[in-house]
Amino acid sequence: MASDPFCENLGIELVDLGPGTATLELTITEEMLNFHGTPHGGAVYSLADAAFAAASNSHGTTAVALETNMSYLDAVEVGDTLRAEARETHMAGRTAEYQIPVTDDGERVATFRERVYRFVD
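So, how was this worked out
- Residues numbered from 1 in each chain as written.
- Predicted model: local features only at pLDDT ≥ 70, side-chain atom pairs only at ≥ 80, totals over all residues.
- Heavy atoms only, no water.
- Helix = DSSP H or I, 4+ residues; strand = E, 2+ residues; numbered from the N terminus.
- Rg over C-alpha atoms; globule rule 2.2 N^0.38 Å.
- Buried < 20%, exposed > 50% of the residue type's maximum accessible area, 1.4 Å probe, protein only.
- Contact = heavy atoms within 4.5 Å.
- Lys, Arg positive; Asp, Glu negative; His and termini not counted.
- Salt bridge = Lys/Arg side-chain N within 4 Å of Asp/Glu carboxyl O.
- Pairing = 2+ DSSP bridges.
- Axes fitted to C-alpha atoms, helices over the stretch in contact; angles between N-to-C directions.

Regarding its fold elements, the protein chain presents 2 helices and 6 strands. Ordered by position from N to C terminus, the α and β elements of the protein chain give α-β-β-α-β-β-β-β. Relative to a compact globule of 121 residues, whose C-alpha radius of gyration would be 14 Å, the protein chain shows 14 Å and is just as compact. Along the three orthogonal principal directions, the C-alpha set of the protein chain runs to about 50 × 30 × 25 Å. Going through the 121 residues of the protein chain one by one, you find that 36% of them count as buried. Within the protein chain, contacts between residues at least 6 apart in sequence are counted, and of these 62% link residues at least 24 apart.

Structural data, given as structure tokens:
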């Protein structure tokens, strides 16, 4: 995470990292607005995806996404600080599954689910 230029450019910050878990935060800025004048869903997606990447690679094994699913539940505003808390919900051999709720002041605004392929021997 410390060497991820995309996360650094967006302002995504690592809060906590453990085996199969990661917590990241992002404060929504005006540069993240879309043509409607509301925060772009891609910013929320990027935060959740970065949390997934940190959690799924936390075991020291390279992991890459197989599939993702994002459900947007509520709008966010400029100045909101979003928190994505990734947790591993299943691991078996070369695949694993993660669920990442994205919250704003403790209220869920999105849910991200991903499956990963792990490069294990």
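There's more to say after this.
Summarising the element assignment, Asp80 is placed in the loop between strand S3 (63–72) and strand S4 (81–92). Here Asp80 sits buried without a salt bridge, and the closest side chain of opposite charge, Arg83, lies 14 Å off (N-O distance).

This paragraph deals with the sheet that holds S3. Pairing within the open sheet is antiparallel, and its 6 strands lie in the order S1-S2-S4-S5-S6-S3. At either margin of the open sheet sits one strand with a lone partner, and together these are strand S1 (13–18) and S3. Averaged over neighbouring strand pairs, the angle between their axes works out to 20° when direction is ignored.

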